[in-house]
Amino acid sequence: MILGLIIIPTSWSLVLIGGVLPDMLDRGLRLRHRNPVTHNLLLSLALLTLGFVIPPFIVLSVGVLHHLFLDAPTVSGIYVGNKRISLADYKSESVEINALTVLLHLLFLTIIL
């Protein structure tokens, strides 16, 4: 019980940090927003791989991945390696579809954690 009280808030905190990490790196390193380094699926994969040595990085990578999924439908999109991917052509302006997308992301995070 006590262990759960410590692990759950810590996990959520790391997910939240991971969720803003790409944008914070942009600002901190003075890079343009959504650049190929910080908004890249390979960043999440690198954090996930590092998580096998330092376990909290697995949870951090979930937050980064969530951030990238939310950026994918924007015009700027995200990167996979050197290739930019944008789902803007498939973006829905429907409030219901966008709300459903947010709920699915929350469900995903709840299942993962």
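For the structure, see preceding data.
This report concerns the structure included in the present document.

What counts and how
- Residues numbered from 1 in each chain as written.
- Predicted model: local features only at pLDDT ≥ 70, side-chain atom pairs only at ≥ 80, totals over all residues.
- Heavy atoms only, no water.
- Helix = DSSP H or I, 4+ residues; strand = E, 2+ residues; numbered from the N terminus.
- Buried < 20%, exposed > 50% of the residue type's maximum accessible area, 1.4 Å probe, protein only.
- Contact = heavy atoms within 4.5 Å.
- Polar contact = N/O pair within 3.5 Å; in protein donor to acceptor, adjacent residues only side chain to side chain.
- Expected span 1.5 Å × (residues − 1).
- Core = buried A, V, L, I, M, F, W, Y, C linked by side-chain atoms within 4.5 Å.
- Patch = residues over 30% accessible without salt bridge, like charges linked within 9 Å, V, L, I, M, F, W, Y side chains within 5 Å.
- Areas by Shrake-Rupley, 256 points an atom, 1.4 Å probe, with all protein chains shown as cover.
- Salt bridge = Lys/Arg side-chain N within 4 Å of Asp/Glu carboxyl O.
- Arc of directions from axis to C-beta.
- Axes fitted to C-alpha atoms, helices over the stretch in contact; angles between N-to-C directions.
- Parallel < 35°, antiparallel > 145°, perpendicular 65-115°, else oblique.
- Left-handed = near helix turned anticlockwise from the far one by under 90°.
- Nonpolar A, V, L, I, M, F, W, Y, C, P; charged D, E, K, R; others polar.

1. Considerations on the overall build of the protein
- A count of helices and strands for the protein gives four helices and two strands.
- Tracing the protein from N to C terminus, the helices and strands come up as α-α-α-β-β-α.
- Scored against the burial criterion, the 113 residues of the protein give a buried share of 30%.
- Of the contacts formed within the protein by residues at least 6 apart in sequence, a portion of 51% connects residues at least 24 apart.

2. Examining the side chain of H39
- Note on placement: H39 falls in the loop between helix 1 (2-28) and helix 2 (41-50).
- Within the structure, H39 has its side chain in polar contact with the side chain of D23 (distance 3.1 Å).
- Once residues lying within four places of it in the same chain are set aside, the contact partners of H39 are P22, D23, D26, H33, R34, H67, L68, D71, I78 and Y79.

3. Quick notes on helix 3 (residues 56-71)
- Under the 1.5 Å per step criterion, the end-to-end length of helix 3 is 23 Å for 16 residues, consistent within 8% with the ideal 22 Å.
- Residues of helix 3 that are buried: V59, L60, S61, V62, G63, V64, H66, H67, L68 and D71.

4. Comments concerning the nonpolar core
- In this structure, L21, L43, L47, L60, V64, L68, A72 and I78 together form the largest nonpolar core, which totals eight residues.
- Going through the elements one at a time, helix 2 and helix 3 are the ones with two or more residues in this core.
- Sorting elements by how many residues they give to this core places helix 3 first, with three residues.
- Leaving out residues up to four positions away in the same chain, L68 has contacts with T38, H39, N40, L41 and I78.

5. Topic: a nonpolar patch on the surface
- Together, L42, L45, L48, L50, F52, V53, I54 and I58 line one region of the surface with nonpolar side chains, adding up to about 730 Å² of accessible area.
- Judged by relative accessible area, I54 falls into the partly exposed class, the value being 37%.

6. Thoughts on helix 2
- Taken together, the buried positions of helix 2 are L43, S44 and L47. Angular distribution of buried residues about the axis of helix 2 spans 100°; they occupy a single face of the element.
- Its side-chain oxygen at 3.0 Å from the backbone nitrogen of L42, N40 defines the N-terminal cap of helix 2.

7. Section: the packing of helix 2 against helix 3
- Between helix 2 and helix 3, the least distance of the axes is 7 Å, while the angle of their chain directions is 165°. By the angle class used here, helix 2 and helix 3 are roughly antiparallel. With respect to the hand of their crossing, helix 2 and helix 3 are arranged in left-handed fashion. On helix 3, the residues that touch L41, L43, S44, L47, L48 and L50 of helix 2 are F57, I58, L60, S61, V64, L65 and L68.
- Residues belonging to the contact of helix 2 with helix 3 are distributed by class as follows: 11 nonpolar, two polar and no charged.

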